[in-house]
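Listed below are the residues making up each chain.
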Amino acid sequence: MLSRVAESIYWMSRYIERAENVARFVEVNLHLILDLPVGVQAQWEPLVATTGDDEVFAEHYGEASREAVIQFLAFDTENPNSIVSCLRAGRENARSIRENISSEMWEQLNDAYLLVANTSEQWAMAEPHEFFRKSNSRPTSSWD
């Protein structure tokens, strides 16, 4: 039983870390775009390549536009590396060991998942800075 709990905690942490990292590098890219000179095209394709999912992305979305990349990296439930997929997987691992983690940890993870899962994709596309700032927020100290 101890190894099952340890494995679930390990994978829960890995999935949360992956979701945070994806949110962070999309947020950083959004800030970099603000400083681009006029006429220079934004770079969205490297974000997908960073996850190693460029072939899957090209198959489902084609060209790497801002909207397509944000949809793929944040909301695509068929992409196992999307923020919503990682938070869902982390949450499921936490659910399986619910009695072994603190209430605060469960609440923070559940809140993060619900924030992303219930976010209007149209709002996230219109206000990507705000969405990724919230998605990239550090959990409370109970996670540290």
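Keep in mind that this is a model prediction, so the values were computed, not measured.

Criteria and cut-off values
Within each chain, residue numbers correspond to sequence positions counted from 1 in written order. A pLDDT threshold of at least 70 governs which residues receive local features in this predicted model, and a stricter bar of 80 or more applies before side-chain atom pairs are shown or counted, although totals over entire chains, interfaces and linings include all residues. Where side-chain values are given, they derive from all heavy atoms of the structure, hydrogens and water being excluded. In this description a helix means any DSSP run of H or I spanning at least four residues, a strand means any run of E spanning at least two, and both kinds are numbered starting from the N terminus. Burial classes: relative accessible area under 20% of the type maximum marks a residue as buried, over 50% as exposed, and values in between as partly exposed (1.4 Å probe, protein chains only). Throughout, a residue-residue contact means that at least one pair of heavy atoms, one from each residue, lies within 4.5 Å. Computed by Shrake-Rupley with a 1.4 Å probe, the accessible areas treat only the displayed protein chains as cover when residues are assessed. Each patch is built from salt-bridge-free residues with over 30% relative accessible area, joining like charges within 9 Å and nonpolar side chains (Val, Leu, Ile, Met, Phe, Trp, Tyr) within 5 Å. What makes a salt bridge here is a side-chain nitrogen of Lys or Arg within 4 Å of a carboxyl oxygen of Asp or Glu, nothing more. The charge count treats Lys and Arg as positive and Asp and Glu as negative. His and the chain ends do not count. For charged residues, the charge sits on one atom: NZ in Lys, CZ in Arg, CG in Asp, CD in Glu. Lines fitted to C-alpha atoms define the axes, with helix axes restricted to the stretch in contact, and inter-axis angles between N-to-C directions lie between 0 and 180 degrees. Each angle receives one of four descriptions, namely roughly parallel if under 35 degrees, roughly antiparallel if over 145, roughly perpendicular if within 65 to 115, and oblique otherwise. It is the rotation of the near helix from the far one that decides the hand of a crossing: anticlockwise by less than a right angle makes it left-handed, clockwise makes it right-handed. Side-chain classes are defined by residue name, with Ala, Val, Leu, Ile, Met, Phe, Trp, Tyr, Cys and Pro counting as nonpolar, Asp, Glu, Lys and Arg as charged, and the others, Gly among them, as polar. Ring geometry is summarised as follows: Phe, Tyr and Trp rings, the Trp one being its six-membered ring, pair when their centres sit within 6.5 Å, and such pairs are stacked at plane angles under 30 degrees, edge-to-face over 60 and tilted between the two. Summary of the metric used: pLDDT quantifies the predictor's per-residue confidence within the range 0 to 100.

*Asks:* Got a minute to help me understand the overall build of the protein chain in this structure?
*Replies:* If you tally the helices and strands in the protein chain, you get eight helices and zero strands. The order of α-helices and β-strands along the protein chain, N terminus first, is α-α-α-α-α-α-α-α. For the protein chain, the residues scored as buried account for 40% of the 144 residues in total. Long-range pairs, those at least 24 residues apart, make up 57% of the contacts in the protein chain between residues at least 6 apart in sequence. Carbon together with sulfur atoms contributes 51% to the accessible area of the protein chain, which is approximately 8,300 Å² in total.

*Asks:* Would you mind going over a negative patch on the surface with me for this structure?
*Replies:* A surface patch of negative charge is lined by Glu-45, Asp-54, Glu-55, Glu-59 and Glu-63. With respect to the helices and strands, the residue Glu-55 is situated in helix H3 (residues 54-61).

*Asks:* Any chance you could explain the packing of helix H5 (residues 83-96) against helix H6 (residues 103-117) here in plain terms?
*Replies:* Between two packed helices, what matters for the description is the angle formed by their axes and the separation of those axes. Their axes nearest at 9 Å, the elements H5 and H6 cross at an angle of 150°. By the angle between their directions, the pair H5 and H6 is classed as roughly antiparallel. For the pair H5 and H6, the sense of crossing is left-handed. Packed against H5, whose contacting residues are Ile-83, Val-84, Leu-87, Arg-88, Gly-90, Arg-91, Ala-94 and Arg-95, the element H6 presents Trp-106, Leu-109, Asn-110, Ala-112, Tyr-113, Val-116 and Ala-117 at the interface.

*Asks:* I tried to follow the packing of H3 against helix H4 (residues 66-75) on my own but got confused; where do I start?
*Replies:* Their axes nearest at 11 Å, the elements H3 and H4 cross at an angle of 120°. By the angle between their axes, H3 is oblique relative to H4. The two elements H3 and H4 meet at a crossing, and its hand is right-handed. Every residue of H4 that contacts H3 at Val-56, Phe-57 and Tyr-61 is listed here: Ala-68, Val-69, Gln-71 and Phe-72. Each residue belonging to the contact of H3 with H4 can be placed in one class, and the counts come to six nonpolar, one polar and no charged.

*Asks:* Before we go on, may I ask you to explain the packing of aromatic side chains in this structure?
*Replies:* Each aromatic ring pair is characterised by the separation of its centres together with the angle its planes make. If you walk through the whole model with that rule in mind, you get seven aromatic pairs. Summarising the aromatic geometry, the rings of Phe-57 and Phe-72 are spaced 5.2 Å apart at their centres and angled 70° between planes, so their arrangement reads as edge-to-face. Pair noted here: Phe-57 is in helix H3 and Phe-72 is in helix H4, with a separation of 15 residues, a long-range link. As far as burial versus exposure is concerned, Phe-57 and Phe-72 are alike and both buried. Grouping aromatic residues by their ring pairs yields a cluster made of Tyr-10, Trp-11 and Tyr-15.

*Asks:* How do you make sense of the confidence of the model for the protein chain when you look at a structure like this?
*Replies:* For any part of a model where pLDDT is low, the fine detail of the predicted coordinates should not be relied upon. Overall, the predicted model of the protein chain reaches an average pLDDT of 86, with 89% of residues at or above 70. Ranking the helices and strands of the protein chain by mean pLDDT puts H5 first, with 96, and helix H8 (residues 128-135) last, with 78.

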